[in-house]
Protein chains: 4
Amino acid sequence: MLVIMAQSAEKESIENVVQKIKESGLIPHSIPGSMRTAIGVTGNTGAINTDKFSELPGVIRVIRVTAPYKLVSRETKPENTIVNVGGVKFGGKKLPIIAGPCSVESRQQMMEVAEKLKRSGAAMIRGGVYKPRTSPYDFQGLGEEGLEILSEVREKTGLPFVTESIDAESLSLTVKYADMIQIGARNMQNYSLLRAAGKTGKPILLKRGLSATLDEFLMAAEYIMSEGNYNIVLCERGIRTFAQHSRFTLDISIIPTIKQLSHLPIIVDPSHPAGVRDKVIPLSLGAVGAGADGLMVEVHPEPDKALSDGPQSLYPKQFEQLMDKLSIIVPALDREI
Amino acid sequence: MLVIMAQSAEKESIENVVQKIKESGLIPHSIPGSMRTAIGVTGNTGAINTDKFSELPGVIRVIRVTAPYKLVSRETKPENTIVNVGGVKFGGKKLPIIAGPCSVESRQQMMEVAEKLKRSGAAMIRGGVYKPRTSPYDFQGLGEEGLEILSEVREKTGLPFVTESIDAESLSLTVKYADMIQIGARNMQNYSLLRAAGKTGKPILLKRGLSATLDEFLMAAEYIMSEGNYNIVLCERGIRTFAQHSRFTLDISIIPTIKQLSHLPIIVDPSHPAGVRDKVIPLSLGAVGAGADGLMVEVHPEPDKALSDGPQSLYPKQFEQLMDKLSIIVPALDREI
Amino acid sequence: MLVIMAQSAEKESIENVVQKIKESGLIPHSIPGSMRTAIGVTGNTGAINTDKFSELPGVIRVIRVTAPYKLVSRETKPENTIVNVGGVKFGGKKLPIIAGPCSVESRQQMMEVAEKLKRSGAAMIRGGVYKPRTSPYDFQGLGEEGLEILSEVREKTGLPFVTESIDAESLSLTVKYADMIQIGARNMQNYSLLRAAGKTGKPILLKRGLSATLDEFLMAAEYIMSEGNYNIVLCERGIRTFAQHSRFTLDISIIPTIKQLSHLPIIVDPSHPAGVRDKVIPLSLGAVGAGADGLMVEVHPEPDKALSDGPQSLYPKQFEQLMDKLSIIVPALDREI
Amino acid sequence: MLVIMAQSAEKESIENVVQKIKESGLIPHSIPGSMRTAIGVTGNTGAINTDKFSELPGVIRVIRVTAPYKLVSRETKPENTIVNVGGVKFGGKKLPIIAGPCSVESRQQMMEVAEKLKRSGAAMIRGGVYKPRTSPYDFQGLGEEGLEILSEVREKTGLPFVTESIDAESLSLTVKYADMIQIGARNMQNYSLLRAAGKTGKPILLKRGLSATLDEFLMAAEYIMSEGNYNIVLCERGIRTFAQHSRFTLDISIIPTIKQLSHLPIIVDPSHPAGVRDKVIPLSLGAVGAGADGLMVEVHPEPDKALSDGPQSLYPKQFEQLMDKLSIIVPALDREI
């Protein structure tokens, strides 16, 4: 259920509604918009009697939300959410490009690549320090040392960074360093981690699971948001299908679908579905054409020596080419880069 | 196997090679390129002794083709194939846009929509007269009457048209009227129809099957080409996956993959994967961004009254908007419309 | 719509109803059951006024059929259809096992294997003479010569045979020789071929397409049945999914689903989903456990020399082992072999 | 790499090899078998020089393990692993049947259903107390209170129980009460949880992820085993495909594949792929036919009132019917129940 307050509603009216919701054994979620405040109501097991809220002072309308996702729904909040990550804004007219290696491997590697990425126009840096690897014997990331390296890179370049958390422990460390926390595809339904990410209040980059339906993807965001954290950027990264000519099948049709159903920004990771670097640029341009609010691209100074995902990492030179193309195409789509 | 002739090779040398191939019980396929002639060799069951061909006059190289597809392979013919359909060229710098209703329903319907499509910049008209419908009780198309309507529309507008054939009988009629023959997704592995389409020599629009792998798609084109018909345009139209938020999952990563492996043009049908018209424009721009050589879009003068595929058909007004957007974006991609 | 006649209804009453249906511009399909006659009505574009039929003499009830498939529906015909193929019955208590090589390669091959299969308890022989192969350069089958070989084998062993048709031409020949005609997975939506198969009146073995939904599968059977041919045996043969550890994913849950929705028998081909012979026996027993009405298994006298599907063909010795196991398990499932 | 010790090898020889492995910077994993001891070696980043181990006293062979999974591989341990859960053995001749409701809802519910399940022949009880639900607003389980109820049920019935853990916190509580810990499909690649489960030493029931490949499934088991816990039972529970006629597509062909590649037992959950109770019995018999080492079935005393998964839960009466059928079929498959 959603209680819509009048634009003119005063703070006391809003607090009064919140209080009445709590008294009914329900949970209020205030969602301040640019025009008006809405109050999402969750915690009910059956239908709620809307009458007792619709006549409270300052209330203009009470809406039953029909979708299983409530807070992430555009019914609840009609205007786009803008997520601000250290000054970089997702969901507005501008398309931020996040770039960097799959894994942070060394201070030198990160400094070298970050300088180049900044010069080419990247808005943010990425780099994994806790890696969810298919094999327990593969490189699992540098951990806190990697977080320190990323922080130094940020200081040097001025670019904020995103990095993945994989459990409560890594999250509690990551939150101290990172500007944005990534929840990876394999953990998209790790509800315990989603709740914890919600509690941090930090911007979250939520990647779609390999076989997540649209509803499951939005419900994962709902888990984070139900803890009071509205700073979520969704990320399509390819789904698992019978097609083996690419590593995953990039599902660009989820972009317009999400824009219709939710107020959250959605970006695309073209590197994982590509699997090989040759396809990263076409998929990037395809994603931007379909309306993506940004990209996250893997770039490595020496892909052949990468400890993970080397084959799909662009050379810095190729990233420069991608940015050159985007600088022409993005304005043609009436957006900015 | 592929026999590459010198640029300077004379006609007699080529004929001599062709003769020797036949004498060995194999089948020669001359593939004239802009720079040189190549002769594809098929019909072998095991490895061929290349020596007896490599030293014939005019031969500069004999290549074993490793991919299962031979004639459609870029190994066989390095430069892009340009397919000319009544003056409309697929595979070059220009991106032709094919548009029209799912089914030809009446003379009036076709005339009305075709005029509008022409004004908006469509290069070709589409319209089904033999419809492969899931239910035997659904509208199955106007048959030859529809072909006559399409021919009149061509005369009036000057736009060539493509229409689908579903069996030997409909093919033998279609070939008399149409500029290009479509083989639909459900018939992509109807090898009998593919061979017959090959024998017509007409330009063929080959749609990818709902669950066709890359290899199966190219092998279907190989069937057509093995009959001597090199005028093939491939068409990605979405695959069947677990995702239910769109009718099919548009697989844009097949575009760069096909461009790498084959010399054939590949266009995209954004209407079937979209399933609803709201998503047709984003998917169209996504496809073009990923490198598609053209689009085929369903447009109906009155989608609500359409006998098939109404919900995914654009209004003529929306098609105009799509063309407006393409006219800005396509040049930004360094191509023309 | 479905008109149910009283058990006691005389022939004239039935003919009268049929006449009235025709006069309304609709198509009647008489479906004689063991207890009563039902008359399926198709050809309507909107809802039919049932009143004008419900009060005709001999009519006890008029039912609106809600599923898109009408004639294949259990609503239309509650009792199981028994398909009789030269004395072999599908859909009853007994589970017929069809066995034989993928392709008919020679008289000797077929005679040798057929004798062994008969001794092991096979009820019918299979063998392809028109092969839908992914590559145009692969062995395409012996054609009519193969049909003659199969007929000789039948004469020698007394076992009826099934073989695939791939187009109008091969169908017109096959129908003269075969006891049962197979429509392969790749042609499941070749509606022209389905209609032609319907017109033959011969028993049809309809294989599920690689990505066919339940509805599409039943609608393909509906195409055949709408031409008056009720002798259809459905065949599950694995679907295309992301899983690569088997050639296709055998979908046993379609067995109980089809038994609930349709009166048609459904058998399983365990060889194609297995892809390798090691898995054929476990999949066979799994299919039988899930309720399959029979099996069709690839067996070759010398799998290593097979011209097609060698790796998934059982050795005759292994087929014997399979039959031994079935002879214990099938009775435990309260059926017979 | 795998070091195979002679049957006659003494304890000192084994310890010497372990020591030498450690000295080389690698990690030894002793795997005592009934016939001989093998020592798995992990932690290498490149190829290992096998020479320095093959000539140590007591070593009979050093094998390079080619599969990405090492400890779970049948190459490493040729004989079946028997997992003993409070006296119930998985992986032997007997097929244990686990049954119970999706969620523990109350003491009364569990007592009532457990008594019935015991009488029908269930070997173990299941019931979720930490539920990974798609929606944050759905019932999330009783937590520790549920564990206490399950413990009482065990005391009363003598049946051991399995229940799911979803994070470090729930695991640390569960380990104190449960006989076996389930890692659910959504957490199959929650590597942090897998490692923690490995450290408990408790029997683990590892469910396959919705889109997990064979390799990913076995590698998830490898994560657990790499922490020294060899008590793992794998569980197939259906994969996500385009097919919508069942909730998930039960992939029975993974059963013989896993038996070939790994020494671990594999059971099947027929309830989740079925989605509706009508299909649970056919899928159960299909799974057993294909070689499953056991089943885990959802049964609820009053499915209509269940807080989760009601539609796919059997009535106790239906479970009794299932057990009756299994008591005939399992012996026909030369196994015991």
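Quick caveat: nothing in here was measured; it's all calculated off a predicted structure.

### What to know about the overall build of chain A
Then, number 1: In terms of regular secondary structure, chain A is built from 11 helices and 14 strands.
Then, number 2: A globule of 337 residues ought to have a C-alpha radius of gyration of about 20 Å, and chain A, at 21 Å, matches this closely.
Then, number 3: If one aligns the C-alpha atoms of chain A with their principal axes, the spans along those axes are about 65 × 45 × 40 Å.
Then, number 4: A burial count over chain A gives 59% of its 337 residues as buried.
Then, number 5: For chain A, contacts bridging at least 24 residues in sequence account for 66% of all contacts bridging at least 6.

### Points about the interface of chain B and chain A
Then, number 1: On the side of chain A, 37 residues touch chain B, which itself brings 37 residues to the contact.
Then, number 2: Only α8 (254–261), α9 (271–274), α10 (280–289) and α11 (316–332) of chain B provide two or more residues apiece to the side of chain B that touches chain A.
Then, number 3: Here the element with the most residues in the side of chain B that touches chain A is α10 of chain B; it accounts for 7 residues.

### Quick notes on the pairing of strand β1 (residues 2–5) of chain B
Residues and elements named next belong to chain B.
Then, number 1: The pairing of β1 with strand β4 (residues 59–63) spans 4 bridges and is antiparallel. Across the sheet, L2 pairs through a bridge with I63, a residue of β4.
Then, number 2: Across 3 bridges, β1 lies against strand β3 (residues 37–42) in antiparallel orientation. Residue L2 lies in a different strand from β3, and its bridge partner there is G40.

### Concerning the relation of the copies chain B and chain A
Then, number 1: Mapping chain B onto chain A is achieved by rotating through 180° and translating by 0.0 Å along the same axis, at an RMSD of 0.0 Å. Taken together, the rotation angle and the small translation identify this as a two-fold axis. For chain B, the minimum C-alpha distance to the rotation axis belongs to G286 of chain B and amounts to 2.0 Å.
Then, number 2: An overlap of 100% is found between the interface residues of chain B and their copies at the interface of chain A, pointing to a shared contact surface.

### Side note on the packing of helix α11 (residues 316–332) of chain C against helix α11 (residues 316–332) of chain D
Then, number 1: Packing of α11 of chain C against α11 of chain D brings their axes to within 9 Å, and their N-to-C directions diverge by 175°. Our classification of the angle between α11 of chain C and α11 of chain D gives roughly antiparallel. Contact residues: I328, I329 and A332 of chain C in α11 of chain C; I328, I329 and A332 of chain D in α11 of chain D.
Then, number 2: Here the contact of α11 of chain C with α11 of chain D is built from residues that sort into 6 nonpolar, no polar and no charged.

### Considering the sheet that holds β1 of chain B
Residues and elements named next belong to chain B.
Then, number 1: Strands sit in the order β2-β3-β1-β4 across an open sheet of 4 strands; the sheet is antiparallel. What marks the edges here is a single partner per strand, and that holds for β2 (27–32) and β4. On average, each strand axis in the sheet is tilted by 20° relative to the strand beside it, whichever way the strands run.
Then, number 2: Here β2 pairs with β3 via 6 bridges, running antiparallel. When the sheet's bridge partners are listed, I27 is paired in β3 with T42.

### Considerations on unusual backbone geometry
Then, number 1: A positive phi angle, near 70°, is found at D334 of chain B, a position not held by glycine.
Then, number 2: Owing to 10 C-beta atoms within 10 Å, D334 of chain B belongs among the exposed residues under this scheme.
Then, number 3: Despite not being glycine, D309 of chain C has its phi angle at roughly 55°, a positive value.
Then, number 4: The exposure class assigned to D309 of chain C is partly exposed, which follows from the 19 C-beta atoms found within 10 Å.

### Some points on the pairing of strand β10 (residues 180–183) of chain C
Residue and element names in this part refer to chain C.
Then, number 1: Both faces of β10 are covered, namely the face carrying M180 and Q182 and the face carrying I181 and I183.
Then, number 2: By the bridge criterion, 3 bridges tie strand β9 (residues 161–164) to β10 in an arrangement that is parallel. Paired with E164 across the strands is Q182, a residue of β10.
Then, number 3: A crossover links β9 with its parallel partner β10, the connecting element being helix α5 (residues 168–177), and its sense is right-handed.
Then, number 4: Pairing analysis gives 3 bridges linking β10 to strand β11 (residues 204–207), with the strands arranged parallel. Note that in β11 the partner of Q182 across the bridge is L205.
Then, number 5: The parallel pair β10 and β11 is bridged by helix α6 (residues 191–200), and the resulting crossover is right-handed.

### Some words on the domain arrangement of chain A
Then, number 1: In terms of domain boundaries, chain A breaks down into domain 1 (2–63) and domain 2 (83–332).
Then, number 2: Look at where the C-alpha atoms of domain 1 of chain A and domain 2 of chain A centre, and you get two points 35 Å apart.

### A few points about the sheet that holds strand β2 (residues 27–32) of chain C
Working definition: the strands of a sheet are paired by backbone hydrogen bonds and lie parallel or antiparallel to each other.
Residues and elements named next belong to chain C.
Then, number 1: Ordered in space as β2-β3-β1-β4, the 4 strands form an open sheet in which the pairing is antiparallel. Looking at the sheet topology across the chains shown, the edges are occupied by β2 and β4 (59–63). Taking each pair of neighbouring strands and ignoring which way they run, the sheet shows an average axis angle of 20°.

### Considering the interface of chain C and chain B
Then, number 1: Contact with chain C, which involves 25 residues of that partner, is made by 25 residues of chain B.
Then, number 2: Sorting the residues of the side of chain C that touches chain B by element identifies α6 and α7 (214–225) of chain C as the ones contributing at least two each.
Then, number 3: Counting residues per element, the side of chain C that touches chain B draws most heavily on α7 of chain C, at 4 residues.

What counts, and where the lines are drawn
Residues numbered from 1 in each chain as written. Chains lettered and ligands numbered in written order. Predicted model: local features only at pLDDT ≥ 70, side-chain atom pairs only at ≥ 80, totals over all residues. Helix = DSSP H or I, 4+ residues; strand = E, 2+ residues; numbered from the N terminus. Rg over C-alpha atoms; globule rule 2.2 N^0.38 Å. Buried ≥ 20, exposed ≤ 12 C-beta atoms within 10 Å, placed from the backbone. Contact = placed C-beta atoms within 7 Å. Pairing = 2+ DSSP bridges. Least-squares fit on C-alpha atoms with pLDDT ≥ 70 in both. Axes fitted to C-alpha atoms, helices over the stretch in contact; angles between N-to-C directions. Parallel < 35°, antiparallel > 145°, perpendicular 65-115°, else oblique. Nonpolar A, V, L, I, M, F, W, Y, C, P; charged D, E, K, R; others polar. Right-handed = clockwise from strand over helix to strand, strands pointing away. Domains from an automatic or database assignment.

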